[in-house]
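Below, each chain spelled out in residue letters.
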Amino acid sequence: MSSKPPEGRRGIDRRGIIVAIVIIVILALFVPFMPTTYVAYELKTSTTKGLITQLSTEWTTKTYYSYTTALNTETRTFVKLENGEVIDPGRCVYGIAYIKAGSDIAVRWRSDESVDIKVYDEVEGQKWVNGMSAQPLAAKSGTEGILPLHISATGKYYFAACNPHKGILGIGAKKVALLTFTVSGTTFEEVTITQTLTTIQPITHTTITSTSKPVVYTETVTKTEYKSIFQKLVEKAK
C-alpha cells in the first residue's frame, strides 16, 4: 500500500517553491547580472603657450646735412696812397697788403714825372725793405699805367713807387708828385655752404610674446558596468 503525504504539507512546499522562483526572477531582472564594457568619450580642455609677433612703431627725427661749394668773389682796394704824395729823388713810397692766392689785381698810377712801379712777394719784399738786393715779381715804368698781376700764393705783398730821377752828383735830380696810386683787384674764395634737412621717420620694432591658448581634445575611456537582464531587455526593445 502506498502512503500519500498530507495535502496541507504539499501546498506549503509548492508555495515556497513559487516564492523562491519569484525572488530569483526579481533578482535576475533588477540586480546587475553580468559585466558590460563600453567606450566613453570625454571632452577636456588644456592650455598651451603660443608665440605672437607684435609690431610697434615710433617716430624719430633725423637730420641730414648736404654740403656744396661756391665761389665767393670780392672786388676791393688793397692799397691806396695819398694823392699828391711827393717822392724825393732816389726814394720810394710803398704799401703792404695781404692777398689770397688766385686773386687778380692791378696797380694803377699817375704822376707828373715818370716813376718805377715794383711788386715784391713777402720774402723779396723783406729783403728790399732792409736795403738788400731783391727780385720783384713785376715791374713797370712811366708817368701813368696799369700793372696787372695774378697772385699765385697767399701772403703779404709789397707795392712800391720809386723816383728814379737822382741826377748826377745831385745835378738834374727831380722830385716826383704821385698823383694817384691804387692796388685793387678781385679775390676768389671757395666757400662751403651747409644745408640742413630734418625729417621725421618711422621706426618699426618687432617683439615676440607668448600667450595661453585653450586646446580642446577628446579623451577615450573604457568603462565597465553591470546591467540587469531587465535593463538589457529594455535596451534591446529600444
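Heads up: these notes are all about the structure in this document. (Residues numbered from 1 in each chain as written. Predicted model: local features only at pLDDT ≥ 70, side-chain atom pairs only at ≥ 80, totals over all residues. Heavy atoms only, no water.)

With that out of the way, let us pick up the nonpolar core. Within the largest apolar cluster, 24 residues are counted, with the highest numbers of intra-cluster contacts made by F159 and F181. Breaking this core down by element, the ones donating at least two residues are strand 1 (34-80), strand 3 (92-99), strand 4 (104-120), strand 5 (138-150), strand 6 (155-162) and strand 7 (176-227). With six residues, the single largest contributor to this core is strand 4. Ignoring anything within four residues of it in the chain, the contact list for F181 reads V79, K80, L81, V107, R108, W109, I117, F159, A160 and A161. Membership of the second largest hydrophobic core comes to six residues, among which are W128, Y158, A160 and C162. (Core = buried A, V, L, I, M, F, W, Y, C linked by side-chain atoms within 4.5 Å. Buried < 20%, exposed > 50% of the residue type's maximum accessible area, 1.4 Å probe, protein only. Helix = DSSP H or I, 4+ residues; strand = E, 2+ residues; numbered from the N terminus. Contact = heavy atoms within 4.5 Å.)

Our focus in this paragraph is the side chain of S111. Mapping S111 onto the fold places it in strand 4. In contact with S111, other than residues within four places in its own chain, are G142, T143, V176, A177, L178 and L179.

Let's shift gears to the packing of aromatic side chains. This structure, assessed with the given rule, holds three aromatic pairs. With a centroid separation of 6.3 Å and an interplanar angle of 40°, the aromatic rings of Y94 and Y158 are classed as tilted. Separated by 64 residues along the polypeptide, Y94 in strand 3 and Y158 in strand 6 bring together distant segments of the chain. The exposure class of Y94 is partly exposed, given its relative accessible area of 37%. Ring pairs connect the aromatic residues Y94, Y120, W128 and Y158, which therefore count as one cluster. (Phe/Tyr/Trp six-rings, centres within 6.5 Å; stacked < 30°, edge-to-face > 60°.)

All we've got here are geometric facts, nothing functional implied.
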